[in-house]
Amino acid sequence: MPRRPRKHRQLMGTQPLTFSRFSRSVAQVASICSVRYQMRESKLSSPDPEGIRFSGNDSKEKNEVSEELDSEGVVQADFAFFDPKPDDFHGVKILLQTYLDDKQWDLSGFVDLILEQTTVGTVVKIEDDEDDGLFSIITALNLGRYKGHKSIKELKEFLLKACKQKDVMKSLRSLLEEQAQSVGLLVSQRVVNLPPQLLPPLYDALFDEISWAIEDEPTKELRNSFCFKNYLIATKIYRHNNADQKKWQNSHSDEAIIYIKPEDEIFHQLCLWSFMFPLRTQQVAAQELRNYQSMGLVMAVEAEKIPTFQKQLHSFIHEL
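In this text, all values refer to a predicted model and were calculated from it rather than measured experimentally.

Conventions we followed
Residues numbered from 1 in each chain as written. Predicted model: local features only at pLDDT ≥ 70, side-chain atom pairs only at ≥ 80, totals over all residues. Heavy atoms only, no water. Axes fitted to C-alpha atoms, helices over the stretch in contact; angles between N-to-C directions. Helix = DSSP H or I, 4+ residues; strand = E, 2+ residues; numbered from the N terminus. Parallel < 35°, antiparallel > 145°, perpendicular 65-115°, else oblique. Left-handed = near helix turned anticlockwise from the far one by under 90°. Contact = heavy atoms within 4.5 Å. Nonpolar A, V, L, I, M, F, W, Y, C, P; charged D, E, K, R; others polar. Buried < 20%, exposed > 50% of the residue type's maximum accessible area, 1.4 Å probe, protein only. Salt bridge = Lys/Arg side-chain N within 4 Å of Asp/Glu carboxyl O.

### Focus: the packing of helix 4 (residues 107–116) against helix 5 (residues 150–162)
Here is step 1: The geometry of helix 4 relative to helix 5 is characterised by a closest axis approach of 8 Å and an angle of 115 degrees between their N-to-C directions. Judged by the inter-axis angle, helix 4 sits roughly perpendicular to helix 5. As helix 4 packs across helix 5, the resulting crossing turns out to be left-handed. Counted together, Gly 109, Phe 110 and Leu 113 of helix 4 and Ser 151, Ile 152 and Leu 155 of helix 5 form the full contact between these two elements.
Here is step 2: Taken together, the residues of the contact of helix 4 with helix 5 sort by class into 4 nonpolar, 2 polar and no charged.

### Regarding unusual backbone geometry
Here is step 1: For Asp 101, which is not a glycine, the phi torsion comes out positive at approximately 60 degrees.
Here is step 2: Here Asp 101 falls in the buried class, since its relative accessible area comes to 6%.

### Considerations on the pattern of salt bridges
Here is step 1: For the structure shown, the criterion picks out 5 salt bridges.
Here is step 2: Lys 85 is the partner of Asp 88 in a salt bridge, and the nearest nitrogen-oxygen pair spans 3.5 Å.
Here is step 3: Classification of Asp 88 by relative accessible area gives buried; the value is 0%.
Here is step 4: Here Lys 125 and Asp 88 are joined by a salt bridge, their closest N and O atoms 2.9 Å apart. In this pair, Lys 125 sits in strand 6 (residues 122–126) while Asp 88 sits in the loop between strand 5 (78–82) and helix 3 (89–95), placing the two residues 37 residues apart along the sequence. Side by side, Lys 125 and Asp 88 carry an identical accessibility label, which is buried.
Here is step 5: Connected through salt bridges with shared partners, the residues Lys 85, Asp 88 and Lys 125 form a single ionic network.

Remember that the coordinates give geometry; whether it matters functionally is a separate question.
What follows is the structure in structure tokens.
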């Protein structure tokens, strides 16, 4: 298996794509969200079936974007993969600002853990972008290795408090405590309109790096810290208000769940167990989502299921 050199850049140009019904649901969410970067703000315009579009705020950004528009007005941008570094602190913190809903917790400490782990993890930026804005962060943190850190303690407390399903609580507590040394917290946050074509290589890079770390880390303790048996994933979805009603399930054409990130549906299908909980931070919903509620979704996925996940993710993106 070839190694990815440190600071290697993997470039991908965005291309116009046609949305499937599944991806169009994601686009509905994208049309009403925005993310503020360090010194500028990028807002999403409503995506259409012809492609993903961006619009700038200030005159400088508008000039830069206009130079990259093709004849159909679709932004063509080269995205690059980078190893996280200390300068990425503010960008990563912004992407993770609602990771635990509206909880006040040691988010800065959590970001520090992510950036200090130099062997596993990737950030996505636009190639040669002077503003150095972040579009995505993905990593996996060993819950046992970092169990003494304030941010991890608070994250565990949040998850245990959020879980109201008695049949899941025992399994969750076991992963967070007895099995923590072999559990990877899979953190994947990004702007909602990151081109989906980036997802397969992004996840491939993560799991490749984990495999390399098991072989290449300088100490046995560090090598063992990447020998994950399970991954814990905390994410967000939209769930229909009437999804629990059997009559509705059998007769309604609307989807019970809209996955904001398409890979979450695959994880959900493969997971050992999962639970949902209502979020206190509710986004302003588009008209199409008026009957949906923003929910947190926590899943446990066995490491042995990852090759299946990767295969299904590649297939899904290929069909777009």
